[in-house]
Amino acid sequence: EEGENWQLTLLKAWKNMNGSDQYGLFVELKDGWKTYWRNPGDSGFVPEFQILKSKNLDKLEVYWPTPQIFYENENEIYGFSKKLILPIVIHPQKKHVPAEFELKITLGFCKDICIPKTFHLKSKNLQNTSEKQNREILKSISKVPVNLSNSKKFIFCTVFKDGEKLKLVSQLDSEYFKANKRIKDIIFQYKDGSVWFTNKTQGMDQGIQTFQTTLNHVNNKKILVDRSKIELTLLTQDGGFIVNGCLS
């Protein structure tokens with residue numbers, strides 16, 4: 001589907017070894033326009049995916065690559081400019097029978113103004129990807145954050161009180177996060193949305209890369225921090241990592 005400043009196309013790619021089907025959602029944007037990540041940041045539209053009808057569909061998985069970070073009027077926005085290629089995996093109930101589905105997708109598009117746009121897409125009669133588009137999907141898959149949550153502890157967190165505010169300092173394992181794994185930025189999120197983070201800074205402490213941020217309750221209430229609800233998305237040059245729980 002095409003608008004004046006964006007174009008959205010769903011294409012069928014290849015069959016995976018586990019019997020699932022790989023699709024790619026290609027979103028192309030005119031200069032100056034952007035669309036949002038799964039979490040838009042301080043402002044913006046949360047993307048929504050809804051299955052309206054399906055046949056032989058077990059589940060649909062959307063894989064978000066790490067986003068760019070934009071700064072607007074002191075707001076931190078997470079999204080994509082120019083192009084977003086979103087890998088989507090369809091798991092059929094019976095692996096030898098194709099799944100059919102109708103999708104309703106709502107995305108936000110922003111330049112000087114922000115516009116929510118809803119698309120209705122059907123799996124029937126979709127075009128297949130080209131070799132170039134397959135490479136683009138694979139590149140996007142490579143930029144999906146690697147989950148470090150069950151790995152060796154690579155991040156150490158400290159929460160402390162600074163006057164009336166609570167602050168969080170994250171220290172990164174400098175032996176692991178080096179060379180192409182060096183962290184450019186971190187996105188801090190709180191899973192139930194009751195806490196939001198501001199005034200993020202980064203620095204070095206005795207050779208260890210650190211990020212500091214202030215915790216705020218959405219209703220200005222006193223914060224009882226459950227560190228297991230803190231999610232960190234770490235951005236590198238080539239992709240990133242995700243850590244669930246910022247424990248000490």
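Heads up: these notes are all about the structure in this document.

### A few points about the overall build of the chain
What the chain contains, in helices and strands, is one helix and 18 strands. Restricting the contact set of the chain to residue pairs at least 6 apart, pairs at least 24 apart contribute 65%. For the chain, the exposed surface amounts to about 14,000 Å²; the carbon and sulfur share of it is 47%. Computed over 36 positive and 28 negative side-chain charges, the inter-centroid distance for the chain is 4 Å.

### Some remarks on the packing of aromatic side chains
Going through the model one piece at a time under the given rule, you end up with 14 aromatic pairs. Between F49 and W64, the ring centres sit 6.4 Å apart and the planes meet at 85 degrees, which makes this aromatic pair edge-to-face. With a gap of 15 residues between them, F49 in strand β4 (residues 48–55) and W64 in the loop between β5 (57–62) and β6 (68–72) connect regions that are remote in the sequence. Where F154 meets Y176, the ring centres are 3.8 Å apart and the plane angle is 25 degrees; that geometry is what we call stacked.

### Observations regarding the sheet that holds strand β8 (residues 83–92)
If you walk across this open sheet you meet the four strands as β1-β2-β8-β5, and the pairing is antiparallel. At either end of the open sheet lies a strand with only one pairing partner, and these are β1 (6–15) and β5. Averaged over all neighbouring strand pairs, the angle between strand axes comes to 20 degrees, with direction disregarded. One ladder, built from eight bridges, connects β1 with strand β2 (residues 21–29); its direction is antiparallel. Bridge pairing in β2 places L8 opposite V27.

### Some remarks on the nonpolar core
Core analysis: the largest hydrophobic core is formed by 29 residues, its most contacted members being L25, V27, I90 and F109. When contributions to this core are tallied by element, the ones reaching two or more residues are β1, β2, β5, β7 (75–81), β8, β9 (100–110) and β10 (114–122). Here the element with the most residues in this core is β9; it accounts for five residues.

### Some words on unusual backbone geometry
Phi at N73 takes a positive value of approximately 50 degrees, unusual for a residue other than glycine. Within the secondary structure layout, N73 lies in the loop between β6 and β7. With phi around 55 degrees, N199 is a residue other than glycine that occupies positive phi space. Along the chain, the position of N199 falls in strand β15 (residues 195–205). A residue is classified by how much of its surface remains accessible, and N199, at 59% relative accessible area, is exposed.

### Quick notes on the sheet that holds β15
Strand pairing in a sheet relies on backbone hydrogen bonds. The paired strands run either parallel or antiparallel. Spatial strand order, β12-β13-β16-β15: four strands in an open sheet with antiparallel pairing. At either end of the open sheet lies a strand with only one pairing partner, and these are β12 (155–162) and β15. Shown here is a sheet whose adjacent strand axes are inclined to one another by a mean of 20 degrees, direction ignored. When β12 meets strand β13 (residues 165–172), the two strands line up antiparallel, connected through eight bridges. Bridging across to β13, I155 finds its partner in L172.

### Looking at a positive patch on the surface
Side chains of K53, K55, K122 and K124 sit close together on the surface and give a patch of like positive charge. Relative to the assigned elements, K124 resides in the loop between β10 and α1 (131–142). The class of K124 is exposed, set by a relative accessible area of 57%.

### Details of the state of the cysteines
Note on terminology: disulfide describes a covalent bond linking the sulfur atoms of two cysteines. Applying the stated criterion across every chain yields a total of two disulfides. What pairs with C110 in a disulfide is C114, and their sulfur atoms sit 1.8 Å apart. Handedness of the C110-C114 disulfide follows from its S-S torsion of about 120 degrees: it is right-handed. Linked covalently through their sulfurs, C157 and C246 form a disulfide whose S-S length is 1.6 Å. On the sign convention where negative means left-handed, the S-S torsion of about -55 degrees between C157 and C246 marks this disulfide as left-handed.

### What to know about the environment of K191
Counting through the fold element by element, K191 comes out in the loop between β14 (185–190) and β15. Separated by 35 residues in the primary sequence, K191 and D226 have C-alpha atoms spaced 9.8 Å apart. With near-sequence residues (within four places) excluded, K191 lies in contact with K229, E231 and N244. Only 2.9 Å separates the side chain of K191 from the side chain of N244, close enough to count as a polar contact.

What counts as what
- Residues numbered from 1 in each chain as written.
- Predicted model: local features only at pLDDT ≥ 70, side-chain atom pairs only at ≥ 80, totals over all residues.
- Heavy atoms only, no water.
- Helix = DSSP H or I, 4+ residues; strand = E, 2+ residues; numbered from the N terminus.
- Contact = heavy atoms within 4.5 Å.
- Areas by Shrake-Rupley, 256 points an atom, 1.4 Å probe, with all protein chains shown as cover.
- Lys, Arg positive; Asp, Glu negative; His and termini not counted.
- Charge placed at Lys NZ, Arg CZ, Asp CG, Glu CD.
- Phe/Tyr/Trp six-rings, centres within 6.5 Å; stacked < 30°, edge-to-face > 60°.
- Pairing = 2+ DSSP bridges.
- Axes fitted to C-alpha atoms, helices over the stretch in contact; angles between N-to-C directions.
- Core = buried A, V, L, I, M, F, W, Y, C linked by side-chain atoms within 4.5 Å.
- Buried < 20%, exposed > 50% of the residue type's maximum accessible area, 1.4 Å probe, protein only.
- Patch = residues over 30% accessible without salt bridge, like charges linked within 9 Å, V, L, I, M, F, W, Y side chains within 5 Å.
- Salt bridge = Lys/Arg side-chain N within 4 Å of Asp/Glu carboxyl O.
- Disulfide = S-S within 2.5 Å.
- Polar contact = N/O pair within 3.5 Å; in protein donor to acceptor, adjacent residues only side chain to side chain.

Spatial relationships are all this shows, so hold off on functional conclusions.
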